[in-house]
Every structure is written in C-alpha cells, then in structure tokens.
Amino acid sequence: MIRFSGRRIPTTWLALVAGAVALAAASPRAQALSAAVDAYVASHQREIVSSLIDLVSIPNVKGDAANLRRNATAVGDLLRARGFAVELVDTAAAPLVLGELKVPGATRTVLLYAHYDGQPVDPARWTPPTPFAAVLRSGRLGAAGVKDLPNVASLSTFDPDWRLYGRSAADDKAPIVAIAAALDALRSSGRAPTWNVKILADGEEESGSPGLTALAPTLRERLKADLLLMLDGPAHPSGRPTLVFGARGVLTFELTVYGPKQELHSGHYGNWIPNPAVRLSRLVASMKDDSGRVLVKGFYDGIAPLTNEERALLRSVPDDPDALLALFGVAGPEASAESLQEAYTRPSLNIRGISSGHVGAAATNVIPSEAVASFDIRLVTETPGTAILDKIKAHIASQGFHLVDRDPDDATRARYRDIVKLTVSAPTEAYRVSVTTPMSRMVIDGLSRALGQQPVVLRTSGATVPMADLSAAAGAPAISVQTVNFDDNQHTDNENVRLGHLFNAVKTIAALLTM
Ligand SMILES: [Zn+2]
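Keep in mind the model is a prediction, meaning the values are calculated, not measured.

Draft legend 1. Examining the sheet that holds strand β10 (residues 242-244) more closely. A sheet is described by the order of its strands in space; here eight strands give the open sequence β3-β4-β8-β5-β9-β21-β10-β20, paired in mixed fashion. Whereas interior strands pair on both sides, the edge strands pair on one side only; in this sheet they are β3 (85-89) and β20 (456-458). Sheet twist, expressed as the average angle between the axes of neighbouring strands with direction ignored, equals 20 degrees. Sheet topology places strand β9 (residues 227-230) next to strand β21 (residues 478-482); three bridges connect them, and they run parallel. Among the inter-strand pairings, M230 is bridged to a residue of β21, identified as S480.

Draft legend 2. Up close: the sheet that holds strand β22 (residues 496-498). What the three strands build is an open sheet, ordered β6-β7-β22; its pairing is antiparallel. Edge positions in the open sheet fall to β6 (135-137) and β22, since each of these has one partner strand only. Neighbour-to-neighbour, the strand axes of this sheet turn through a mean angle of 20 degrees, independent of strand direction. With three bridges joining them, β6 and strand β7 (residues 163-165) adopt antiparallel strand pairing. When the sheet's bridge partners are listed, V135 is paired in β7 with Y165. Most of the contacts of helix α16 (residues 499-513) go to β22, to which it runs at about 70 degrees, and overall it touches β6, β7 and β22.

Draft legend 3. Quick peek at the pattern of salt bridges. Summed over the entire model, instances satisfying the criterion amount to 23 salt bridges. For D161, the salt bridge goes to R498, with nearest N and O atoms at 2.8 Å. Placement of D161 in the loop between β6 and β7 and of R498 in strand β22 is noted, with a sequence separation of 337 residues between them. Of the residues examined, D161 reaches a relative accessible area of 44% and is grouped as partly exposed.

Draft legend 4. Region of the structure containing unusual backbone geometry. Backbone torsion omega between T127 and P128 reads -15 degrees, so that peptide bond is classified as cis. Tracing the backbone through its elements, the reader meets P128 in the loop between β5 (109-115) and β6. Note that the residue after D171, namely D172, is joined by a cis bond; omega there is 20 degrees. With a phi close to 70 degrees, S168 is a non-glycine residue in the positive phi region. Considering the arrangement of structural elements, one finds S168 in the loop between β7 and α5 (173-188).

Parameters at a glance
- Residues numbered from 1 in each chain as written.
- Predicted model: local features only at pLDDT ≥ 70, side-chain atom pairs only at ≥ 80, totals over all residues.
- Heavy atoms only, no water.
- Pairing = 2+ DSSP bridges.
- Helix = DSSP H or I, 4+ residues; strand = E, 2+ residues; numbered from the N terminus.
- Axes fitted to C-alpha atoms, helices over the stretch in contact; angles between N-to-C directions.
- Contact = heavy atoms within 4.5 Å.
- Salt bridge = Lys/Arg side-chain N within 4 Å of Asp/Glu carboxyl O.
- Buried < 20%, exposed > 50% of the residue type's maximum accessible area, 1.4 Å probe, protein only.

Structure (structure tokens):
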C-alpha cells in the first residue's frame, strides 16, 4: 500500500490505473532472472526463428489428417526435448498433445494451452502463394522498403520489427515455440520452473475444438492444474503484454417472420396482405432503443453496477477510440456505451444479417413471402445462454408474435397473423475470473516485475473463446496471455508474427513459469 492524496490505495490498483507511474519495484532475484532470459533470447534469436519456420512449414488446415498428425508429432518432439512426458491423444480429426513436466520441489501445477492448427488458406491470396513456406521480411508487407530476408541461417541479429510470414506463424505456433524457448532460457541460466508444467496443444481450435470438448471429461485428471494459462491471441495494439481475465460467450439464433405462402404482386395486394419484412423490422426495432440499450425485459439482470476499482481497471486500458472510429469510418459509438471496455461488461444483441425479398437489379414489386434476421448475443457470466433465450422468447411473445420452432402448417397460418420461427444454436457460456484473486494478482505482479512494464489487463475479452469449458476441465482459474502483434493478419492471407513480439513472448512465458 502507498499513500496517495491522503488515501491508502492498494499498490496493484494504483499501478493498474497509473500504468507507467507506479511500477512495482523488481526484486534483485527477478531482475537477475529477467536479465538472464533477455541475454538468452538475444543470443538465440536465430534458433528461435528457425524453430518457428520449421513448425510453420508443416501444413495444418482442417481435413489434412496426415499433416495435422505431423504437427502434433513435431510439437510433442519439442516438448520431449525439454524433458516432458508426452502423449498424443487421438480425436476424430487431429491428436491432442498432452505434455507434463514434473519439477522437483514444485507444489503447484500450471497448464498451458495453445493450438497447432490454422485457418484454411487460399494460396492465390498469399505473397508468394506458398503459405507454409515461411518468409522472413524486414517489416510489414506493403510498407515502403520492405524486403525479403531469405537466408535466415546467415543472419546473426534479428530486428524486432522484422516479421515472419506463414499460416499460424502468429495463431498459434509462435506461443508453442516461445514455450520451448522459455524453458531453454531457464535451463541455460541454471533455473527451473517453479511450477509443475502441463501442456495441452489442440489441433482443432479453428473448428471449435470438437475433439477436446468431447474428451475433456475423461481427461480431467490429466488436465488438472492450479492455474490455466491460454496462450492464444494478439496483445493490445499498444504492444504491451496483455492478460485477459475472461471471455464473453455467444448465443446465436435466427427469426423467420412469415407472409403469404408465395410472393404476391404489390399492386394487387399492397395495403391488404401484411408484409413480413415490415413485421420483422418492427420486432427487431422493439429490441433496442436509440442509445443501443437492449429493451428485452431482464436482459441485464444480475449485472451489478461497476465498482470504482472496476471502472479504474477499464480506464487503464490504453485504447484509442478516435483512431478506431476513424479507421472504421463511423461518427460515434452507441450512446449507451461509456467506452469500448465498458461495452464488454454487458451482453450485446447484434443482427448478423437480415434478408427479405430482393434488392438492387433483382428488385421486383412484390410482397415477400418471408423475412429472416440472424442474431448473435455476446453473453457475460451474469447472463447465461438459457436464461437470455427465455427472455428473448418472452419479448417476442410480448410483441404479439406466435412462436414456432418449424415452418407453420396451414392451420397455424390460418389462426395467427404474426408467426415467427425461432431456431437456436447451443450457446458457449461466458467466463470471468476476478483480477483481484490472489492467483490473478500473482500473475499481474509476476509479469510486471519480470518485464519491468505493466501488462494491459483486460477484465474480459469481447469475443468468445472456450475459457469456461477448459477452466472446468482443469479445475483451475483461466487467464489468457496474449503475446503476438495485433496486426498479424490472423485467419487471413499473409499471416505474420513480429519478431519483437515473439521474443517478448519468450520472456513473458519464462516470467510466468517462475512466479
Ligand atoms: Zn488461435
């Protein structure tokens, strides 16, 4: 604790709020360790980059079972070389790699999660059209003066702004290589992790991890840990190491409003036959007010007002809303949102798409036969999917619509004027762990001390990752550690990792393994 304006404020909070102002002083031991890891990384850049080039060179897209297995084997080999006991657990598509390193004297276990599969590739969109032949370049493709650096073996120093291009260079093979390098860095300085280390490398993350989801209940004992660190995803655009303490869930559904059984001439029947696009528009408009607040009764139930500490945490994130708005070409955010980070604290209701009749050159003078809107709701922990779905159903009924779960038959059509079909996909639930638990504080403070820099601390990510399922499988709190560059083109062509981010990932993981 320190004194500030006459009030006592926990050091961690002040540090979070003030960022650069109040860094926790590094202990001599932490300083020596981080200096040793820095020195190791500086003198082993070529090995680290080459290891990533080797891993990226193995194709890793869904359906390519032979190469997915080669990836799993390569990841297993990286771990075995660092003393891990490794097992490949078969799924229908790509093996899970389970590794375990027992450290003498360690009483706690950390489980590290990463994935070796990547999104599909369209080689014609890549430069050159070989997404698995990794290319090192002196910067971001398209920037002035950027050139290829073909002869990696001949290089001795690597500029942090150089980038390695290839599918999964960032998402998510960089963290796998960084784990291996972090263990090497510790060993070379005569140190060991202070945790027993378990590793889970998924081969189906990009297709929703069906194998892991199915096997997780039977793997509980082997995944059991005291802390789960998920090494996936980009760091904050500020470039600082980023810790994320939750993820919103998602519930998707579709509404179909019915008009006449076939399209009708709008001259012969306009003003007489109801138009489903208009009825659907009314229903959609009833769900949100002009400020963006959702009007579905009870939609925000259970969400407590943010505390001052939580507000301070949200404000500590160095977002640049004006730059984002300019980038997206939008005049302003929804009036109900205090900030981007605040918007993540609530569930959102989004129309993914809406369709009825025909537009543009295909437009015809008809009353359409149906109108469809597709929705996603990003869930928070206070608003589980089933509870939200019940509220959506009640709202639809309150607007005078008759709800069905299949196309209506003639008797239903004859009886109800406003019929809406609701089809729903299974939700992924949200996850969040408080940033103030002793474990959370240890991770924040451990990283701050080792890197001499406050990590960006996000209360939750706006997007959805299966933190809740994995946390349950490990029986441990989950924290996402995001290390790669935000402009990494993940999921699209010319994916890349910035070497400065890769090297910092090694230091980050070494720090986390020695908390
Ligand atoms: Zn990923």
